[in-house]
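Each chain, letter by letter, is given below.
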Amino acid sequence: MICRAVLCILLFFSSMMLFAQEGFYSTDTIRDIRIMFAQSNWDEILDSLYVAGDKERMQATLFIDGIQYDSVGVRYKGYSSASVDRVKNPFNIKLNYLIEGQDHQGIDKIKLSNVIQDPSFLREVLSYEIARKYMPASESNFANVYVNDTLLGLYSNVEAVNNEFLEKHFTTADNVLVKGNPETVDLYGENSNLSQTPGMDSLAYTSLYSMQSDYGWTALYNFIDTLNNHEADIDKVLNVDQALWLHALNYTLINFDSYVGYAQNYYLYKDKAGRFNPIIWDLNMSLGSFRLTDASVYFDGFSIEQAKTLDPLSHYNEFSVFPRPLLRKLFNTSRYRKMYLAHIRTIVQENISNQAYLIRAETLHQLIDESVQNDANKFYTYADFQNNLYGTVSDFIDYPGIVDLMEGRAAYLSGYLGFQGAPDIENVSVFPEAPVSNDMLVITVQASNASEVILFYRTRPDIVFEELLMNDEGIDGDALAGDGIFSSQFLFQGRDVDYYIYAENDSSAAFSPQRAAYEYFTIEGQLNPGDIVINELMASNVDVVADADGAYDDWIELLNTTANELSLGGLYLSDDATNLSKWALPNQALPAGSYFIIWADSEDAQGSSHANFKLSSAGEALFLSDAHQVLIDSVLFPEQIENVSYGRIPNGFGDFTFLSPTFEKSNDGANLIPLDDALVFNLYPNPVLDVLYFEIESQSNSTIQIIDVLGRVVFKSDLSAGIITGELSVSDLNAGLYVVSVRSNDTVMSKKMVKR
């Protein structure tokens, strides 16, 4: 019995280690989620909370794959998928409901869908898997859900669009987040269609959209105003490419319980560049499960056969029963229509024509087969589950077979005008292959059947791609005119450059890479030594200059010594030679000749200019490196003096010396801090192998110390006043660079020493 118990414990912990090694949303895994309520009538309580509509939660204990979480908050979720008459309702679980900071693998909110409107059980997980190839989209998988140890059934487990999602895809969660879901869906109204029908008062939109951030109604209204009335400026307020991917996915996968149908089930997030980014959401009725309307030709619904041949440009070629400005306003531009159709071609070719979707669907079908059989509360029979992958299942409506629908859809779209005849983009190349700052960078591409080729590029991930027309005219980096090789050139700023190629003709377009702009090529940046330098530092700031919070902290000054704007993105500062990527600099531009101050105060939560380490006034090393751990600059500084800085003279390239602080200014105007003539310090030989000799002449007692590049004092000794000669054994020191520092009262002298 003891052996069996030990074996069970070992198996339990082995399974926990296995789950810990993979992501919570790993698609090929069925999670085990158990909700434990203290109340036996939990369902009645949740029903009453759902009817009240105030989104209050019920306290519970949660087990995820055997890991326990106490005091979580549980409520139902959804508009039509939840009902007081159902046993199997969808759940919204908040792990940090009462315990601040509680999460599971960084996830603090779990959304479980009850797989209604989908006999195949596959639609949501499969569609999200496809969507994630082309735009920010939730991860999803399956979970067996139990309440008080009773199995409710198999659920789809979908990642919430929350702070963790936003930080992962946009590096920030501090901006405006809006959900396109009206309080009540009007089957004969506009809902969250982004029209300006409600008027000019932003408060008139509060019942149509859900503000997920602390602010944003004015920003949302300004976006809607621009979308509807200022088409030439749409690209300034909207990530157009992401909107086109959203439409391409909805129309290719017949996901019409979306912006297309009743204008709902999407998010908008405002990024650092000030543009709103559409985010796809709620795919449980994708692949033709929802066919009540397309707000255009089929405003009163469409059949399965009509779904196969829905015009992806119906809101341009036909009419809109209710306004759809996010479709029509974009499709008014010829280039955007071509880009949109190019995205549809990519989705079809990468998922449907090559049968990739079917291989994944069959794999997932096999994965969940047993769980579906065990689901006593599923909304369809097990036979329906088996049949719906290929064939239609009839219930209250007809649910198309996924294969039947997708094969018909792919056949129709493949013959659509603009699908065929696209330009061919090949042999994208960069010269020089390993550019450094101030190189003239030339990008070339071989393009056939193209009337126009455009290079889209950016020098930081938080800014918009710029357009540069490529030419085949033998100028601006192009070698030969008319050879079908198009070229563009621009000055390389030394940091990573992201880029992609777009080519079009009269009717069609293509991208390279095909998933652009969500995917792109990257040229790794490399700064020349001295382009950005550590120009000045203060490690004993008593009362010289304070930060924004009024604290007199250590500070470090960087300087862009070039005549061009450079980016700090991808650079790191550290005081630890074994961890050069200790603190990442903010991803922002540093104009030519300008300074940037970092507060070395270990208070990185105070802002992007506050490092996660402090400087040692006793002396240490400081390193500036890039993402590949290549040193850009470094300084090994000695013991520092109160309210005296340590900087380069001449400014930007000279040796370091003690000076009066010149915070964010040139050091050339600084007063040098003279060393006391009464202190004389010499050492030899240098480089040294075993024995270091020194001479010190001082009118006061002095201290000599040796500091390594990690800032560690490896030797220290107090000496008396007068003329002192001596020797130090350094044979035990590792080879490398050191600072030998002598201090007498407020006077410090230091010399670099190389140990061989």
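Since we're looking at a predicted model, the values are computed, not measured. (Residues numbered from 1 in each chain as written. Predicted model: local features only at pLDDT ≥ 70, side-chain atom pairs only at ≥ 80, totals over all residues. Heavy atoms only, no water.)

Student: Help me get a handle on the overall build of the protein chain, residues and values and all.
Tutor: The secondary structure content of the protein chain amounts to 14 helices and 40 strands. Taking all 756 residues of the protein chain together, the buried fraction comes to 54%. In the protein chain, once contacts between residues fewer than 6 apart in sequence are set aside, the share between residues at least 24 apart is 64%. Surface exposure of the protein chain reaches about 31,800 Å², of which carbon and sulfur atoms provide 49%. (Helix = DSSP H or I, 4+ residues; strand = E, 2+ residues; numbered from the N terminus. Buried < 20%, exposed > 50% of the residue type's maximum accessible area, 1.4 Å probe, protein only. Contact = heavy atoms within 4.5 Å. Areas by Shrake-Rupley, 256 points an atom, 1.4 Å probe, with all protein chains shown as cover.)

Student: Account for the packing of helix α3 (residues 123-131) against helix α12 (residues 356-374), with residues named and values stated.
Tutor: Interaxial distance between α3 and α12 falls to 10 Å at its minimum, and their mutual angle equals 140 degrees. It follows from the interaxial angle that α3 and α12 lie oblique. Between α3 and α12 the crossing geometry is right-handed. Residue-level inspection shows Val125, Leu126, Glu129 and Ile130 of α3 in contact with α12, the latter providing Tyr357, Arg360, Ala361 and Leu364. Its residues placed into classes, the contact of α3 with α12 shows six nonpolar, no polar and two charged. (Axes fitted to C-alpha atoms, helices over the stretch in contact; angles between N-to-C directions. Parallel < 35°, antiparallel > 145°, perpendicular 65-115°, else oblique. Left-handed = near helix turned anticlockwise from the far one by under 90°. Nonpolar A, V, L, I, M, F, W, Y, C, P; charged D, E, K, R; others polar.)

Student: Before we move on, can you summarise the sheet that holds strand β40 (residues 747-755) with the specific residues and values?
Tutor: Pairing is antiparallel across the open sheet formed by four strands, whose spatial order is β37-β36-β39-β40. The open sheet has two edge strands, β37 (713-719) and β40, and neither has a second partner. Within the sheet, the average angular offset between the axes of one strand and its neighbour, ignoring direction, is 15 degrees. Two strands pair when backbone bridges link them, and strand β36 (residues 702-707) and strand β39 (residues 736-744) are joined in this way by five bridges, in the antiparallel orientation. Bridge pairing in β39 places Ile707 opposite Val739. (Pairing = 2+ DSSP bridges.)

Student: Could you give me a rundown of the pattern of salt bridges, with the residues and numbers involved?
Tutor: Pairing between side chains of opposite charge can happen when their charged atoms approach one another. In total, this model carries 24 salt bridges according to the counting rule given. Linking Lys338 and Glu504 is a salt bridge whose minimum nitrogen-to-oxygen distance equals 3.9 Å. You can see Lys338 sitting in helix α11 (residues 334-352) and its partner Glu504 sitting in strand β19 (residues 497-504), a full 166 residues away along the chain. The same class applies to Lys338 and to Glu504, which are both buried. A salt bridge links Arg515 to Glu519, with the nearest nitrogen and oxygen atoms 3.3 Å apart. Salt bridges sharing common partners tie together Asp28, Glu129 and Arg360. (Salt bridge = Lys/Arg side-chain N within 4 Å of Asp/Glu carboxyl O.)

Student: Provide a residue-level description of the environment of Thr346, including the pertinent values.
Tutor: Structurally, the position occupied by Thr346 is in helix α11. When the C-alpha atoms of Thr346 and Gln242 are compared, they prove to be 14 Å apart, with 104 residues separating the residues in sequence. Setting aside residues no more than four positions away along its own chain, Thr346 makes contact with Tyr134, Trp245, Asn351, Gln514 and Arg515.

Student: Describe unusual backbone geometry, with residues and values.
Tutor: Omega for the bond connecting Ala516 with Ala517 falls within 30 degrees of zero, at 5 degrees, which places this linkage in the cis form. Mapped onto the secondary structure, Ala517 falls in the loop between β20 (509-512) and β21 (521-523). For the peptide bond that leads from Tyr684 to Pro685, omega is -10 degrees, which places it in the cis range. As for its position among the elements, Pro685 is in the loop between β34 (680-684) and β35 (691-698).

Student: Describe the sheet that holds strand β7 (residues 150-159), and please don't skip the residues or the numbers.
Tutor: The seven strands are arranged β1-β2-β3-β4-β5-β7-β6 in a closed barrel whose pairing can be described as mixed. Across the sheet, the axes of successive neighbouring strands diverge by a mean angle of 40 degrees, strand direction being ignored. In this structure, strand β3 (residues 67-76) lies alongside strand β4 (residues 91-94), joined through four bridges in antiparallel fashion. Within β4, the residue paired with Arg75 across the bridge is Asn92. Against the sheet, α3 engages β5 (109-113), β6 (140-147) and β7, with an angle of about 150 degrees to β6.

Student: An account of the confidence of the model for the protein chain is needed here, citing residue identities and associated values.
Tutor: Of all residues in the protein chain, 96% attain a pLDDT of 70 or more, and the chain-wide mean is 92. Across residues 1-21, confidence stays below pLDDT 50; counting only partners more than four residues off in sequence or on other chains, it has nine contacts. (pLDDT = per-residue confidence, 0-100.)

Student: Could you give an account of a nonpolar patch on the surface, naming the residues involved and the relevant values?
Tutor: Residues Val297, Phe299, Phe319 and Val321 make up a contiguous nonpolar surface patch of roughly 320 Å² in combined accessible area. Mapped onto the secondary structure, Phe299 falls in the loop between β11 (276-280) and α8 (304-308). By relative accessible area, Phe299 is classed as partly exposed at 44%. (Patch = residues over 30% accessible without salt bridge, like charges linked within 9 Å, V, L, I, M, F, W, Y side chains within 5 Å.)

Student: Go over the layout of surface pockets with me, naming the residues and quoting the values.
Tutor: The calculated volume of the second largest pocket comes to roughly 1,200 Å³. Around the second largest pocket sit 47 residues that line it, and Asn239, Arg275, Arg458, Pro461 and Ile463 are the ones nearest its centre. Looking at the lining of the second largest pocket, the elements that each hand over two or more residues are α4 (163-170), α6 (234-237), α7 (240-252), α11, β16 (452-458), β19 and β26 (583-584). Residues of the lining of the second largest pocket, tallied by class, amount to 25 nonpolar, nine polar and 13 charged. (1 Å grid on protein atoms, 1.4 Å probe; cavity = no way out; pocket = protein on both sides within 12 Å on 5 of 7 lines; lining within 4 Å. Points joined across faces, edges and corners; volume = space filled by probe spheres on them.)

Student: Let's hear about the packing of α7 against α11: which residues, and what values?
Tutor: α11 packs onto α7 with a crossing angle of 50 degrees between their chain directions and a minimal axis gap of 9 Å. One finds that α7 runs oblique with respect to α11. When the axes of α7 and α11 are compared, the crossing they make is right-handed. Contact residues: Val240, Asp241, Leu244, Trp245, His247, Ala248, Leu249, Tyr251 and Thr252 in α7; Tyr336, Met339, Tyr340, His343, Ile344, Thr346, Ile347, Val348 and Ile352 in α11. Its residues assigned to classes, the contact of α7 with α11 shows 13 nonpolar, four polar and one charged.

Student: Could you give an account of the nonpolar core, naming the residues involved and the relevant values?
Tutor: The biggest cluster of nonpolar side chains holds 105 residues, and the ones touching the most others in it are Leu194, Phe223, Leu249, Ile280, Leu330, Tyr340 and Ile368. A total of nine residues in this core trace back to one element, the largest contributor, which is α11. (Core = buried A, V, L, I, M, F, W, Y, C linked by side-chain atoms within 4.5 Å.)

Student: Outline the environment of Val748, listing residues and values.
Tutor: Here Val748 lies in strand β40. Put simply, Val748 and Ser702 are 46 residues apart on the chain and 9.5 Å apart in space, counted from C-alpha to C-alpha.

Student: I'd like a rundown of the pairing of β7, residues and numbers included.
Tutor: Counted residue by residue, β7 has eight buried out of ten residues, so it is predominantly covered. Pairing between β5 and β7: four bridges, direction antiparallel. The residue of β7 that forms the bridge with Ser113 is Ser156. Bridge count for β6 against β7 is eight bridges, and the pairing is antiparallel. Bridging from a neighbouring strand, Val145 pairs with Gly153 of β7.

Student: Would you mind going over the packing of aromatic side chains in detail, with residue names and values included?
Tutor: The final tally for this structure, using the stated rule, is 33 aromatic pairs. With a centroid separation of 5.8 Å and an interplanar angle of 35 degrees, the aromatic rings of Trp599 and Phe663 are classed as tilted. Taken as a pair, Trp599 in strand β28 (residues 595-600) and Phe663 in the loop between β33 (655-659) and β34 lie far apart in primary sequence, 64 residues in all. A relative accessible area of 8% places Trp599 in the buried class. Ring centres of Tyr684 and Tyr693 lie 5.7 Å apart, and the angle between their planes is 20 degrees; this geometry places the pair in the stacked category. Ring pairing ties together the aromatic residues Phe456, Phe465, Tyr500, Tyr502, Phe511 and Tyr520, which thus form one cluster. (Phe/Tyr/Trp six-rings, centres within 6.5 Å; stacked < 30°, edge-to-face > 60°.)

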